[in-house]
Amino acid sequence: MYYIVLDLEFNQDFPSLQDVEMKRQRSFFEIIQIGAIKLDAGLNNIDVFNRYIKPMVYSEVSSYVTDLTGITSEQIIKEDKFPEVYDDFIEFVEGMDSVFCTWGMSDMRILFKNTDYHKTDNQSMPKSYINLQPYASKFLGLSSKKLLSLEYALEALGIDTQYKFHNAANDAYYTAEIFKEIYNPFMDPKQYDPNYVKPRPPKIKRVVNYDALLNQFQKMYARDITKEEQEMISLAYLMGKTHQFLEEEEKP
């Protein structure tokens, strides 16, 4: 069993979309770099994976991504496409019993979505993972719901940051160093289900309790209100809910 500490860089550049079907989704993140550190059971570094990927969904790397990562369209145009790089990555992973270690959950989701898009066999990819982000928060005495940036966690743990951030290989290395620092044997891997959709809480339909509304007016006026008044109050309430009489208050 190995720990595969994974990090990805990905791209979105809607004006350069090459896939007509993808234009309907407008949410696909295309992987352009895979970085990973392989650790043995004793958390020793035993191998490194660092590959750039030629884009097939977007023809250009967005200027934002280039500014963030330093990756340019010209740099990756001659790289291998995702299916070839993915096959090499699966060889690097070495088996279904390996465990992915990530900083947050986005890389797991994006990796599986890219395998689906390219119709590569993700059945041969491990589903076990450890999200290190909440564990780092707890290790630092914070709530596990307070998710820290990679940079913040490294600084808080006193880990040297000699390499630039937002490079998949470098960020995988940093994540591995955090893992070694905060590791405890109770970090049980979870199983990732790429088909899981978080259920939305049911919408609660709220209706007006007109009896309570009219009783309130009767209390205010200390008398019974007529049927005509009841109809006027109900109509006024409904008209008020449409916000059609709201206007911006002029500042003095």
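Residues numbered from 1 in each chain as written. Predicted model: local features only at pLDDT ≥ 70, side-chain atom pairs only at ≥ 80, totals over all residues. Heavy atoms only, no water.

A. Region of the structure containing the side chain of Asn170. The topology assignment puts Asn170 in helix α7 (residues 168-182). Setting aside chain neighbours within four positions, we find Asn170 in contact with Tyr163 and Lys164. (Helix = DSSP H or I, 4+ residues; strand = E, 2+ residues; numbered from the N terminus. Contact = heavy atoms within 4.5 Å.)

B. Spotlight on the sheet that holds strand β2 (residues 30-39). The strand order across the open sheet built from six strands is β3-β2-β1-β4-β5-β6, with neighbouring strands paired in mixed fashion. For this open sheet the edge positions go to β3 (45-52) and β6 (190-191), each flanked by a neighbour on one side alone. As judged from the seven bridges shared by β2 and β3, these two strands associate in the antiparallel manner. Across the sheet, Ile37 pairs through a bridge with Val48, a residue of β3. (Pairing = 2+ DSSP bridges.)

C. Focus on the pattern of salt bridges. The tally for this structure, following the rule as stated, stands at five salt bridges. Of the charged contacts in the structure, one is a salt bridge between Asp88 and Arg51, with a shortest N-O distance of 2.8 Å. One end of the pair, Asp88, is in helix α3 (residues 82-93); the other, Arg51, is in strand β3, and 37 residues separate them in sequence. Among the charged side chains, a network of salt bridges with common partners joins Arg51, Asp80 and Asp88. (Salt bridge = Lys/Arg side-chain N within 4 Å of Asp/Glu carboxyl O.)

D. Fine view of the layout of surface pockets. In this structure, the largest pocket occupies an estimated 340 Å³ of space. Residue lining of the largest pocket: 17 residues in total, with Asp7, Leu8, Glu9, His166 and Asp171 positioned closest to the centre. Every element with two or more residues in the lining of the largest pocket is listed here: β1 (3-11), α1 (63-69), α4 (106-117) and α6 (150-157). There is about 280 Å³ of room inside the second largest pocket. Together, 13 residues line the second largest pocket, and Met105, Tyr129, Asn131, Pro134 and Lys190 are the ones closest to its centre. (1 Å grid on protein atoms, 1.4 Å probe; cavity = no way out; pocket = protein on both sides within 12 Å on 5 of 7 lines; lining within 4 Å. Points joined across faces, edges and corners; volume = space filled by probe spheres on them.)

E. The nonpolar core, seen in detail. Counting residues in hydrophobic clusters, the biggest one holds 24 residues, and the most contacted among them are Ile31, Ile34, Phe89, Phe100 and Leu111. Elements supplying a minimum of two residues to this core: β1, β2, α3 and α4. Once residues lying within four places of it in the same chain are set aside, the contact partners of Ile31 are Leu8, Glu9, Phe10, Ile53, Phe82, Ile110, Leu111 and Asn114. Listed in part, the 23 residues of the second largest apolar core include Leu132, Leu154, Ala172 and Ile178. (Core = buried A, V, L, I, M, F, W, Y, C linked by side-chain atoms within 4.5 Å. Buried < 20%, exposed > 50% of the residue type's maximum accessible area, 1.4 Å probe, protein only.)

F. Up close: α3. In a regular helix each residue adds 1.5 Å, so 12 residues correspond to 16 Å; α3 covers 16 Å between its end C-alpha atoms and thus fits that length. All of the buried residues in α3 are Phe82, Val85, Tyr86, Phe89, Ile90, Phe92 and Val93. For α3, the buried positions fall inside an angular range of 155° around the axis, keeping them on one side. Buried residues along α3 sit in contact with β1, β2, β3, β4 (99-102) and α4. Looking one or two residues past α3, Glu94 carries a phi angle of roughly 65°, positive in sign. (Expected span 1.5 Å × (residues − 1). Arc of directions from axis to C-beta.)

G. Main features of the environment of Leu142. Inspection of the secondary structure puts Leu142 in the loop between α5 (132-139) and α6. Residue classification places Leu142 among the partly exposed positions, given a relative accessible area of 30%. Separated by 19 residues in sequence, Leu142 and Thr161 place their C-alpha atoms 22 Å apart. Contact partners of Leu142, with chain neighbours within four places excluded, come to Ser137 and Leu148.

H. The packing of aromatic side chains, seen in detail. In the structure shown here, the tally under the stated rule is 17 aromatic pairs. Relative to Tyr192, the ring of Tyr129 has its centre 6.2 Å away and its plane inclined at 85°; by these criteria the two rings are edge-to-face. Taken together, the positions of Tyr129 in strand β5 (residues 128-131) and Tyr192 in the loop between β6 and α8 (210-221) put the pair 63 residues apart, joining distant regions of the chain. This pair shows no difference in class: Tyr129 is buried, exactly as Tyr192 is. One aromatic cluster is present, formed by Phe49, Phe89, Phe92 and Phe100 through successive ring pairs. A cation over an aromatic ring shows up here: Lys38 above the ring of Phe92, its NZ or CZ 4.8 Å from the ring centre. (Phe/Tyr/Trp six-rings, centres within 6.5 Å; stacked < 30°, edge-to-face > 60°. Lys NZ or Arg CZ within 6 Å of the ring centre and 35° of its normal.)

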